[in-house]
Amino acid sequence: MVSINHINIVNNFFDSRKDGNYKRTVIACFIQAVYLLELDRQENRSPETALAPKWFIPFKYKLSKTLIDERDGSIYGAILEWDRSAAMSDFILIRPSCAPRAVLALRGTLLKGPTYRRDIEDDLRFLAWESLKGSVRFDGALRALKSISDAYGSNNVAVAGHSLGAGFALQIGKSLAKQGLFVETHLFNPPSVSLAMGLKNVGEKAVVVWQKVRAMVSSNSAAAVESGGGCSNPIALNKWVPHLYVNNSDYICCYYTDQAAATSTATATGGGGDKENVRPRSAANGVAAKLFVLSKGKQKFLEAHGLEQWWSDDLELELALESSKLNKQLKSLYSLPPSSTTNRQ
C-alpha cells in the first residue's frame, strides 16, 4: 500500500490560496478510500483494523453512506461529508471554500474477490457501447449524487471516480448538468475506448485505432440514441466543466489526448498549480472540459493507469483548454445501448 504525507496535504488543502493541485490529491485519496472500503469488507476487517478511514478522516471528512451492489454485496462508491465536529476539535472553525460539503467517490475495477464479475460486466458494457446507462450501478450513483445535490446544493458537492468509476462519474455528472445541476467533477484515467480497441494490440496508440474503427463502423451501429436525450439547454450544459486527469501512456484513456488541443503547462509544486481553478474557454459546439495530461515517457500499463500517480507532489501536467475529440467524446454520452440491453441485470 502506497503511503503519503497526510499532514502536508491537509495543511495545503485547508489553505485554498496555496495550490489548487492539492485538491486533486485529496480527491484521489477519497477514491482510494472506496477501493479500501471494499477490500476491508472482503477481508472482514474490524473498525479498529480497517484501512479505508485513514484516507478520509485526516481531511476532516466522515463516511456518510456506502453504495452497495445488491447483486454481490460489493461496495462501489461512497458519500463522504465534511465532519464539522472533527474540524472544530482541531480549531478549524469554518469549512474552507475549496472543500466540498460532500463528495461522491466511485472506484474502478477490482480483480479480487466476488466483485470482479460485476466490475468486468460494466467494463464490457462500456467497451461495447461507450455508455454505462444500462448498469444498476449507474442508477445507484445517479440517485446518490442527486440526493446530496438536493441536500447541500450542487455548488457544494463533488463527484469523482477512477477508471471505470470515472466513466460512471462522467456520465452521471452530465445527466445532472442536463437538468441544470452543475456538480464539480474529477475524473482520473477515464475510459475512452471501444470494443474494437480491445481487439487490437494494446501497444498501438488508441487515437490511431479509433480512427480506423470509425472509418469501418457506422456510428448508427454503435448505439441507439436515447429518445429525447439531446441537451434541451446547450447553453446551460456549457456551465458544467469536468476535470479529466489522464496519462498519455495509458491506452485506456489516451484517446482523450489529442495533439490538436491547445495546451499550457501547470506544475503541481509551482505557481502554475492554480490553473486548476481557471475556467477554460468555451468550446465552439457548447461542450467544455479541462483535460490535464501527464506525460512521463514510456510506462507500464499498471503504472500509467494507477490512481497513486495522482498523489504525487511533483507532477507536471499539461492543461488542454479545448479539444475537438474530447468534446466529441462528451457529446457521445447522449447515446444509449439498444433497448434490448438496457434491462437491469
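Since this is a predicted model, take the numbers as computed values, not measurements.

A. Here's a closer look at the packing of helix α4 (residues 116–129) against helix α6 (residues 164–177). Between α4 and α6, the least distance of the axes is 10 Å, while the angle of their chain directions is 60 degrees. Viewed along their axes, α4 and α6 adopt a mutual orientation that is oblique. Viewed along their axes, α4 and α6 form a crossing whose handedness is left-handed. Taking contact as the criterion, the partners of Asp-119, Asp-122, Asp-123 and Phe-126 in α4 are, on α6, Leu-164, Phe-168 and Gln-171.

B. Focus on a nonpolar patch on the surface. Residues Leu-111, Tyr-116, Ile-120 and Leu-124 make up a contiguous nonpolar surface patch of about 410 Å² in total accessible area. Looking at the element boundaries, Leu-124 is found in helix α4.

C. Just the packing of aromatic side chains, in detail. Taken as a whole and judged by the stated rule, the model has 8 aromatic pairs. Geometrically, the ring pair formed by Phe-188 and Tyr-245 is stacked, given 4.7 Å between the ring centres and 10 degrees between the ring planes. Taken together, the residues span a long stretch of sequence, with Phe-188 in strand β5 (residues 184–188) and Tyr-245 in strand β7 (residues 243–247) at a distance of 57 residues. Consider the rings of Tyr-245 and Phe-292, whose centres lie 5.2 Å apart with planes at 15 degrees: the pair is stacked. Note that Tyr-245 is positioned in strand β7 and Phe-292 in strand β9 (residues 290–294), a separation of 47 residues in sequence. Each member of the aromatic cluster is reached from another via a ring pair, and the members are Phe-30, Phe-59, Tyr-61 and Trp-82.

D. Representation of unusual backbone geometry. The backbone phi angle of Asn-44 is positive, close to 55 degrees, even though this residue is not glycine. As for its placement among the helices and strands, Asn-44 is situated in the loop between α2 (21–42) and β1 (61–69). A positive phi angle is found at Lys-60, which is not glycine, with a value near 70 degrees. Assignment of secondary structure puts Lys-60 in the loop between α2 and β1.

E. Representation of the confidence of the model for the chain. The predicted model of the chain averages 73 in pLDDT, with 62% of residues at 70 or higher. Looking over the chain, one finds the lowest element-wise mean pLDDT in strand β6 (residues 224–225), namely 30, and the highest in strand β3 (residues 102–106), namely 98. In the predicted structure, residues 194–206 sits below a pLDDT of 50 and forms 20 contacts with residues beyond four places in sequence or in another chain. The low-confidence segment residues 333–345 (pLDDT under 50) makes 40 contacts with residues lying over four places distant or belonging to another chain.

F. Representation of the nonpolar core in the model. Grouped together as the largest cluster of nonpolar side chains are 37 residues, with contacts concentrated most on Phe-30, Ile-31, Tyr-61, Phe-188, Leu-307 and Trp-310. Within the residue set of this core, elements represented by two or more residues are α2, β2 (74–82), β3, β4 (157–162) and β9. For this core, the element with the highest residue contribution is α2, accounting for 12 residues. The contacts of Ile-31, once residues within four sequence positions are left out, are Ala-105, Leu-106, Arg-107, Ala-160, Gly-161, His-162, Phe-188 and Leu-307. Formed by 33 residues, the second largest nonpolar core is a distinct cluster that contains Leu-104, Phe-126, Ala-144 and Tyr-256.

G. Inspection of the side chain of Ser-149 at higher detail. Turning to its location among the elements, Ser-149 is positioned in helix α5 (residues 136–152). Apart from residues lying up to four places away in sequence, Ser-149 is in contact with Ser-154, Val-157, Leu-176 and Val-183.

H. Representation of the pattern of salt bridges in the model. Throughout the structure, instances matching the rule amount to 13 salt bridges. Here Glu-184 and Lys-23 are joined by a salt bridge, their closest N and O atoms 2.9 Å apart. Of this pair, Glu-184 sits in strand β5 while Lys-23 sits in helix α2, placing them 161 residues apart in sequence. Assessed through its relative accessible area of 26%, Glu-184 is described here as partly exposed.

So, how was this worked out
- Residues numbered from 1 in each chain as written.
- Predicted model: local features only at pLDDT ≥ 70, side-chain atom pairs only at ≥ 80, totals over all residues.
- Heavy atoms only, no water.
- Axes fitted to C-alpha atoms, helices over the stretch in contact; angles between N-to-C directions.
- Helix = DSSP H or I, 4+ residues; strand = E, 2+ residues; numbered from the N terminus.
- Parallel < 35°, antiparallel > 145°, perpendicular 65-115°, else oblique.
- Left-handed = near helix turned anticlockwise from the far one by under 90°.
- Contact = heavy atoms within 4.5 Å.
- Patch = residues over 30% accessible without salt bridge, like charges linked within 9 Å, V, L, I, M, F, W, Y side chains within 5 Å.
- Areas by Shrake-Rupley, 256 points an atom, 1.4 Å probe, with all protein chains shown as cover.
- Salt bridge = Lys/Arg side-chain N within 4 Å of Asp/Glu carboxyl O.
- Phe/Tyr/Trp six-rings, centres within 6.5 Å; stacked < 30°, edge-to-face > 60°.
- pLDDT = per-residue confidence, 0-100.
- Core = buried A, V, L, I, M, F, W, Y, C linked by side-chain atoms within 4.5 Å.
- Buried < 20%, exposed > 50% of the residue type's maximum accessible area, 1.4 Å probe, protein only.

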